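# Working through the structure, step by step
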Amino acid sequence: MDSPALPIRRSRRELVEAVRERPFLIVTGETGSGKSTQLPRYLFEAGLAKHGAIGVTQPRRVATMSVAQRVAEEMGCALGTLVGYQVRFDDCTSEDTAIRYMTDGCLLRQILTDPLLSKYSIIILDEAHERSLSTDILFGLLKKLFLQKKAPDRKTEMKVVVMSATLEVDKLSEFFGHCSVLHIPGRSYPVKEIFCNLLSPRDVGSSAYVTEAVKVTLDVHLNEPEGDILVFLTGQIEIEKACDLLFKKAESIDYRYEVHDQAVEGLLILPLYGSMSTDQQKRIFLPAPTGIRKCVVSTNIAATSLTIEGVRYVVDSGFVKQLNHNPRVGLDILEVVPISKSEAKQRAGRAGRTSSGKSYRLYSREFWEQCMPDHTVPEIRRTSLTSVILTLKCLSVHDVIRFPYLDPPEERHILEALKELYQCSAIDRRGHVTRLGEFLVQFPLPPNLSCAVIKAASLDCEDLLLPIAAMLSVENVFIRPGRKPLIPKAAPYVFKASHELGVRAHCMPGIGQQLFQRLQTSMELGCLCPKAVSWEATFA
Ligand SMILES: Nc1ncnc2c1ncn2[C@@H]1O[C@H](COP(=O)(O)OP(=O)(O)OP(=O)(O)O)[C@@H](O)[C@H]1O
């Protein structure tokens with residue numbers, strides 16, 4: 001498959017030259033202009049991956065896999081050969097992989113074992129506007145390692161490209177030594193943005209957005225021509241509630257009289273949230289049967305980098321579930337807050353990728369002006385810093401206060417994190433990382449929780465602690481078992497690919513087992529037998 005005629009094509013030569021000539025570059029361009037899928041390919045075809053792979057980071061798993069899949073199709077190769085991806089627990093790459101899509105967390109983990117990123121010639125940090133913790137740390141590390149000088153042990157100079165449609169460009173350019181900014185003009189298809197005025201500033205803190213989203217979605221289904229719908233809600237519970245409501249209402253539609261476009265004969269409702277298995281998530285990309293309108297009800301995981309073919313309508317609730325640190329309980333808590341304006345633009349950008357589209361914003365202009373900040377507050381300013389500080393310590397960044405942060409966290413939060421790390425013996429009195437610290441950083445858990453898991457294993461009571469650690473590390477401990485789409489008898493045109501209503505399975509054994517297996521594997525790798533570990537003797 002050849003690559004489509006996207007706006008980026010006109011800037012191809014300029015982009016390749018800019019990357020060839022400069023170590024750092026910022027690239028902006030409208031959503032859908034072709035940044036994620038085309039730029040890595042242009043650089044590869046220009047021979048810039050001769051001395052190392054092109055690593056492209058994405059903040060989310062589902063986008064990482066789907067963009068890699070698309071690029072592999074366009075370049076006519078099997079996924080995992082020339083083009084591959086790597087996400088947690090799934091490495092679809094090989095020795096030959098020259099364009100490697102991965103989550104930003106994966107790249108951060110690679111830096112832990114290979115600080116000079118010697119197998120890469122170019123690193124592209126995509127969707128940088130999301131400002132995830134890992135992306136922010138990568139900003140600082142890449143600046144520290146590669147901005148002023150060629151690292152002595154590298155064969156070639158590292159090239160770094162930062163991309164997004166909605167970036168704080170001036171600030172970022174200044175951060176990277178006033179590096180060049182290249183803008184890709186034009187957009188693929190127009191998206192009409194409609195303020196529905198159903199939510200006002202008074203609705204912050206209320207859950208009215210769920211029912212309003214359902215109403216607008218049904219309105220679109222009944223009145224708009226063919227085209228799939230993508231609804232943005234906040235979390236699993238809200239999504240399941242909306243899917244149930246949509247399903248019930250859609251069951252009673254009489255398609256002979258109530259639907260404006262006679263080509264529309266049914267509705268397929270698909271939920272999408274982070275804790276679903278990869279296979280369940282992938283279902284959203286399958287085309288719906290002829291005449292059936294697909295409706296994906298999703299969290300923010302579908303807001304960036306994702307192209308779901310056929311989506312022409314976006315319903316934007318205006319809210320997101322955001323992780324905020326609560327110092328009172330010492331945990332990061334998920335809270336429902338209004339999205340930023342740049343986030344709203346990203347959501348709207350999911351329509352208009354394969355044809356023109358519309359974005360229905362449930363909120364009013366007043367809500368937009370008064371409640372929505374211009375950009376999302378970076379995760380580093382609102383979540384616990386213990387993992388980040390431990391990672392930096394393991395990378396020999398001793399002075400974590402003077403590390404080059406794009407948005408420095410408050411000093412007292414850094415000191416709190418250091419105190420917490422000291423309390424769980426991950427660092428010593430002088431602030432140096434201990435053997436235990438180096439061990440803890442390998443766990444996909446906050447250090448205090450990993451510490452508790454290891455300590456429990458050493459005391460032979462991990463069975464008690466693993467469920468607690470697992471429960472504290474997921475948004476919702478209940479899942480619905482996956483099953484085939486339901487086709488209700490009463491309404492043959494309505495499908496529900498969610499899961500059987502009311503049936504909820506307790507997922508703890510699965511998660512606990514998985515964690516335990518990883519705990520065991522990590523311990524075996526470290527040549528330690530969990531039962532024989534003497535806590536103090538091993539890590540002190
Ligand atoms: N899986 C896909 N199926 C069909 N078309 C696709 C697919 N992936 C990408 N495209 C096409 O390629 C275009 C560019 O996608 P790409 O992700 O490269 O854009 P982008 O500039 O990175 O956008 P964003 O900033 O929103 O991530 C899309 O608008 C769409 O037309």
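As annotated in an unreviewed UniProt entry, the protein chain carries the name RNA helicase and comes from Lepidothrix coronata. Looking at the protein chain in UniProt, the text filed under Catalytic activity (unreviewed entry) is "ATP + H2O = ADP + phosphate + H(+)". UniProt, in the comment section headed Sequence similarities (unreviewed entry), describes the protein chain in these words: "Belongs to the DEAD box helicase family. DEAH subfamily."

### Some words on empty space enclosed by the protein
Empty pockets left among the atoms are what a rolling probe the size of a water molecule brings to light. Enumeration over the complete set of coordinates arrives at one cavity of 30 Å³ or more. Here the largest cavity defines a volume of roughly 90 Å³. Considering only residue class, the lining of the largest cavity consists of three nonpolar, four polar and three charged.

### A word on the packing of aromatic side chains
Applying the stated criterion across every chain, the model contains 10 aromatic pairs. Taken together, a centroid distance of 6.0 Å and an interplanar angle of 75° make the contact between F195 and Y363 edge-to-face. Note that F195 is positioned in strand 9 (residues 191-199) and Y363 in strand 16 (residues 357-363), a separation of 168 residues in sequence. What makes Y363 buried here is its relative accessible area of 0%. Judged by centre distance (5.1 Å) and plane angle (70°), the rings of F403 and Y405 are edge-to-face. On the basis of relative accessibility, which here comes to 4%, the residue F403 falls in the buried class. Within the aromatic cluster, the residues linked to one another by ring pairs are F195, Y209, F319, Y363, F367 and W368. Its guanidinium or amino end placed over the ring of F175, K143 lies 4.2 Å from that ring's centre, counting from NZ or CZ.

### Focus: the site of the ligand
Around the ligand lies a shell of 17 residues, among which S36, T37, E127, R350 and R353 are the nearest. Between the ligand and S36, the relevant distance is 2.6 Å, taken from an oxygen atom to a side-chain nitrogen or oxygen of the residue. In this structure, an oxygen atom belonging to the ligand sits 2.6 Å away from a main-chain N or O atom of R353. Within the complex, the protein chains bury 92% of what would otherwise be the 640 Å² of accessible surface of the ligand. One can see that the ligand is located within the second largest pocket. Per-element tally for the shell around the ligand: the top contributor is helix 2 (residues 35-45), with three residues. Per-class residue counts for the shell around the ligand are one nonpolar, nine polar and seven charged. Two domains each donate at least three residues to the shell around the ligand, and these are domain 1 (7-184) and domain 2 (191-379 + 484-500).

### Comments concerning the environment of E265
With respect to the helices and strands, E265 occurs in the loop between helix 8 (236-251) and strand 11 (266-272). Exposure remark for E265: the relative accessible area of 36% places this residue in the partly exposed category. Distance from E265 to G47, taken between C-alpha atoms, is 49 Å for residues 218 residues apart in sequence.

### Re the side chain of S173
Here S173 lies in helix 6 (residues 169-175). A distance of 2.9 Å separates a polar atom in the side chain of S173 from the backbone oxygen of C179. Among all residues touching S173, those that are not within four sequence positions of it are I26, H178, C179 and V181.

### Comments concerning the sheet that holds strand 1 (residues 24-29)
In space, the eight strands of this open sheet follow the order 4-3-5-2-6-7-1-8, with mixed pairing throughout. Two strands lie at the open edges of the sheet, namely strand 4 (90-92) and strand 8 (180-184), each paired on one side alone. Put simply, the sheet's adjacent strands are angled 20° from each other on average, direction ignored. Examined bridge by bridge, strand 2 (residues 53-58) and strand 5 (residues 99-103) share five bridges and lie parallel to one another. Along strand 5, the bridge assignment pairs Q58 with T103. Against the sheet, helix 4 (residues 104-113) contacts strand 2, strand 3 (83-87), strand 5 and strand 6 (120-125), and its axis sits at roughly 100° relative to strand 5.

Definitions and limits used
Residues numbered from 1 in each chain as written. Predicted model: local features only at pLDDT ≥ 70, side-chain atom pairs only at ≥ 80, totals over all residues. Heavy atoms only, no water. UniProt positions renumbered as here; feature names shortened; annotations may be inferred. 1 Å grid on protein atoms, 1.4 Å probe; cavity = no way out; pocket = protein on both sides within 12 Å on 5 of 7 lines; lining within 4 Å. Points joined across faces, edges and corners; volume = space filled by probe spheres on them. Nonpolar A, V, L, I, M, F, W, Y, C, P; charged D, E, K, R; others polar. Phe/Tyr/Trp six-rings, centres within 6.5 Å; stacked < 30°, edge-to-face > 60°. Helix = DSSP H or I, 4+ residues; strand = E, 2+ residues; numbered from the N terminus. Buried < 20%, exposed > 50% of the residue type's maximum accessible area, 1.4 Å probe, protein only. Lys NZ or Arg CZ within 6 Å of the ring centre and 35° of its normal. Near = heavy atom within 4 Å. Polar contact = N/O pair within 3.5 Å; in protein donor to acceptor, adjacent residues only side chain to side chain. Areas by Shrake-Rupley, 256 points an atom, 1.4 Å probe, with all protein chains shown as cover. Sits in = over half its atoms within 2 Å of the grid points. Domains from an automatic or database assignment. Contact = heavy atoms within 4.5 Å. Pairing = 2+ DSSP bridges. Axes fitted to C-alpha atoms, helices over the stretch in contact; angles between N-to-C directions.

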